Amino acid sequence: MAKVLVVTSGKGGVGKTTSTAALGAALAQMGEKVVVVDFDVGLRNLDLVLGAERRVVFDLINVVQGVAKLSQALIRDKRLENLWLLPASQTRDKDALTDEGVSGIIAELRTKFDWILCDSPAGIERGAMLAMRFADEAIIVANPEVSSVRDSDRIIGMLDSKTVRAEKGERVEKHLLIARYDTARASRGEMLNIEDILEILATPLLGIIPESQDVLRASNVGSPVTLNDANSAPARAYSDAARRLMGEIVPMMVPAERKGLMDRLLGRRAA
Amino acid sequence: MMNLPRLFAGRTVSASAPVARERLQILLAHERGLRGQPDLLELLRAEILATVSRHVMLDPEKVVVRMDRGNHVSTLEVDIEVPMLAEDNSNAAYGASFG
């Protein structure tokens, strides 16, 4: 049965789009049929991160307004035949999204895909509310930083009250994905650590994505990090997270410290 | 150049993460309490307006409800401007003062 998953955070810049692309690609690599939907109307970027920016003809708003059929707006990934993109409109206003319109599109996507990943815009305005509205499950992307954790808490409250599932008295299953984690800094007490964040947000952990240059490198070339360098630390963390979404039990790896030269020398001496 | 003093100081500099954690815990306890009743003041204002309007004609713009949160005592201030009352009325409950 199809699952609708919203990738959300409240705060901007924490890694929603990167995570949507990486998890979508990882699920598709596992043989699942996946569509990633960009809800960031006016500021679309999922197309760029996926390297499909020159292939966009029709978008989400066109489909909502009946200008295009869903099949005309869907873009199939060139590397993964199971991965599709439904881009956001770059020119229209976010108010062009309607509750009924999105409801209809999600219902149609449910008949065609195993996973529907909705990439939420930042904030708590209409686009963000509609991205989560029809979700069965939610991934809350958070960085180990006070403003991100606060906004995550707010978003968790909304998932529990403003979604269709919540209104029917059902639960939206929530997963916490901690991105841009720096184990060394956390262990020195310079950054909130995993235990702190889990205790504050009381949400099950889906994965820990290390702060890494590989993420920027992948977005530079328009490839999900899980495809661009499958052996990189963030790619492995995303792949593990995708397997957990599939119900597999995968041990949680806290990303290894990347040691500086002096640390290595000191470490060797101590060993 | 490697910054040796900083490298060693890094181990002893007081950690800021516990401060972040404590601030978040206090803040979120407060914000979660407000959730579900985010607009207590607007609710109070609407109900006070409705109640007083049953007896006195009011300009809704002239009803102001304010709340001040202090450490020990919070105050609720209700300021209602009542227009000049032209006619006598058997109901003598005018001029009620709130505050």
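Now for a quick tour of the structure. (Residues numbered from 1 in each chain as written. Chains lettered and ligands numbered in written order. Predicted model: local features only at pLDDT ≥ 70, side-chain atom pairs only at ≥ 80, totals over all residues. Heavy atoms only, no water.)

## Here's the deal with the overall build of chain B
Filter applied, for reference: Think of it this way: any DSSP run of H or I at least four residues long counts as a helix, any run of E at least two long counts as a strand, and we number them from the N terminus. Remark: exposure states derive from per-residue accessible area (1.4 Å probe, protein chains only) relative to the maximum for the residue type, with buried under 20%, exposed over 50%, and partly exposed in between. We get accessible surface area from the Shrake-Rupley algorithm with a probe of 1.4 Å; when it comes to residues, only the shown protein chains can shield them.
Within chain B, the secondary structure is distributed over 3 helices and 2 strands. Scanning chain B from its N terminus toward the C terminus, one meets helices and strands in the order α-α-α-β-β. Looking at the 99 residues of chain B, the share that counts as buried comes to 14%. Only carbon and sulfur atoms are counted for the fraction: they give 56% of the accessible area of chain B, which is about 8,100 Å².

## Considerations on the overall build of chain A
Spelled out, the test is: The globule rule used for comparison is 2.2 Å times the number of residues to the exponent 0.38, while the radius of gyration itself is calculated over C-alpha atoms.
For chain A, the helix and strand inventory stands at 14 helices and 8 strands. Against the globule reference of 18 Å for 271 residues, chain A gives a C-alpha radius of gyration of 19 Å, in line with a compact fold. Projected onto the principal axes, the alpha-carbon positions of chain A cover approximately 70 × 40 × 35 Å. Looking at the 271 residues of chain A, the share that counts as buried comes to 54%.

## A closer look at the packing of helix 1 (residues 16–29) of chain A against helix 13 (residues 233–245) of chain A
All names here are of chain A. Heads up, the rule is: Note on definitions: angles span 0 to 180 degrees between N-to-C directions of axes, and those axes are lines fitted to C-alpha atoms, for helices only across the stretch in contact. The cut-offs work like this: below 35 degrees is roughly parallel, past 145 is roughly antiparallel, 65 to 115 is roughly perpendicular, and the gaps in between are oblique. Should the near helix be turned anticlockwise from the far one by less than a right angle, the crossing is termed left-handed; should it be turned clockwise, right-handed. Two residues qualify as a contact provided that any one of their heavy atoms is within 4.5 Å of a heavy atom in the partner residue.
Contact geometry for helix 1 and helix 13: axes closest at 9 Å, N-to-C directions at 65 degrees. When the axes of helix 1 and helix 13 are compared, the pair comes out roughly perpendicular. Relative to helix 13, the crossing made by helix 1 is right-handed. Touching Thr18, Ser19, Ala22, Leu23, Ala26 and Leu27 of helix 1 are Tyr238, Ser239, Ala241, Ala242 and Leu245, all from helix 13.

## Considering the pairing of strand 8 (residues 205–210) of chain A
Along any regular strand the residues' side chains alternate between the sheet's two faces. Residue and element names in this part refer to chain A. Heads up, the condition is: Strand pairing is assigned whenever DSSP detects at least two bridges linking the two strands.
By the criterion of burial, strand 8 is predominantly enclosed, with 5 of the 6 residues buried. Note: strand 7 (residues 173–181) against strand 8, 4 bridges, orientation parallel. Counted as the bridge partner of leucine 176 is leucine 205 from strand 8.

## A look at helix 5 (residues 99–112) of chain A
Residues and elements named next belong to chain A. Heads up, the condition is: A helix's residues, less one, multiplied by 1.5 Å, set its expected span. Comment: arc refers to directions from the helix axis out to C-beta atoms.
The terminal C-alpha atoms of helix 5, which comprises 14 residues, lie 20 Å apart, in line with the 20 Å expected from a rise of 1.5 Å per residue. Three or more residues of helix 5 are buried, namely Gly101, Val102, Ile105, Ile106 and Leu109. Down the axis of helix 5, the smallest arc covering the buried residues is 125 degrees, so these residues share one side. Relative to its buried face, helix 5 has exposed residues pointing more than 90 degrees away, namely Glu100 and Thr111.

## A look at the nonpolar core
Residues and elements named next belong to chain A. Convention followed: Joining through side-chain atoms within 4.5 Å is the link that ties buried Ala, Val, Leu, Ile, Met, Phe, Trp, Tyr and Cys residues into a set, and such a set is a nonpolar core.
Within the largest apolar cluster, 55 residues are counted, with the highest numbers of intra-cluster contacts made by Val35, Phe39, Leu86, Leu97, Leu109 and Ile116. A total of 5 residues in this core trace back to one element, the largest contributor, which is helix 7 (residues 146–159). Non-local contacts of phenylalanine 39, meaning those with residues more than four positions away in its chain, are made with Leu60, Leu97, Val102, Cys118, Asp119, Pro121, Gly127, Leu130 and Ala131. Judged by nonpolar contacts, the second largest core, of 36 residues, contains Leu27, Ala52, Leu117 and Ala241.

## Digging into helix 6 (residues 126–133) of chain A
Residues and elements named next belong to chain A. Burial runs high along helix 6: 7 of the 8 residues are buried. Along helix 6, the residues classified as buried are Gly127, Ala128, Met129, Leu130, Ala131, Met132 and Arg133. Packed against the buried residues of helix 6 are strand 1 (3–8), helix 5, strand 5 (115–119), helix 7 and helix 8 (164–167).

## Observations regarding the pattern of salt bridges
Residue and element names in this part refer to chain A. Spelled out, the test is: Salt bridges, as used here, are contacts in which a Lys or Arg side-chain nitrogen is within 4 Å of a carboxyl oxygen on Asp or Glu.
Applying the stated criterion to the full structure yields 23 salt bridges over all chains. Its salt-bridge partner being aspartate 136, residue arginine 110 comes within 3.1 Å of it at the nearest N-O pair. With a gap of 26 residues between them, arginine 110 in helix 5 and aspartate 136 in the loop between helix 6 and strand 6 (137–142) connect regions that are remote in the sequence. The salt bridge involving arginine 185 is made with glutamate 190; its shortest N-O contact spans 3.0 Å. Residue classification places glutamate 190 among the partly exposed residues on the basis of a relative accessible area of 33%.

## Focus: unusual backbone geometry
Residue and element names in this part refer to chain A. A positive phi angle, close to 60 degrees, is found at arginine 180, a residue other than glycine. Positionally, arginine 180 belongs in strand 7. Of the residues examined, arginine 180 reaches a relative accessible area of 40% and is grouped as partly exposed. Despite not being glycine, alanine 202 has its phi angle at roughly 45 degrees, a positive value. Within the secondary structure layout, alanine 202 lies in the loop between helix 10 (194–201) and strand 8.

## A closer look at the side chain of arginine 133 of chain A
All names here are of chain A. Counted only if it meets this: Under the rule applied, a polar contact is a pair of N or O atoms within 3.5 Å (in protein, one hydrogen donor and one hydrogen acceptor; residues adjacent in sequence only if both atoms are side-chain atoms).
Within the secondary structure layout, arginine 133 lies in helix 6. We classify arginine 133 as buried; its relative accessible area is 15%. From its side chain, arginine 133 meets the backbone oxygen of lysine 162 in a polar contact 2.7 Å long. Those residues within four positions of arginine 133 in sequence are excluded, and the remaining contacts are Asp99, Lys162, Thr163, Val164 and Glu167.

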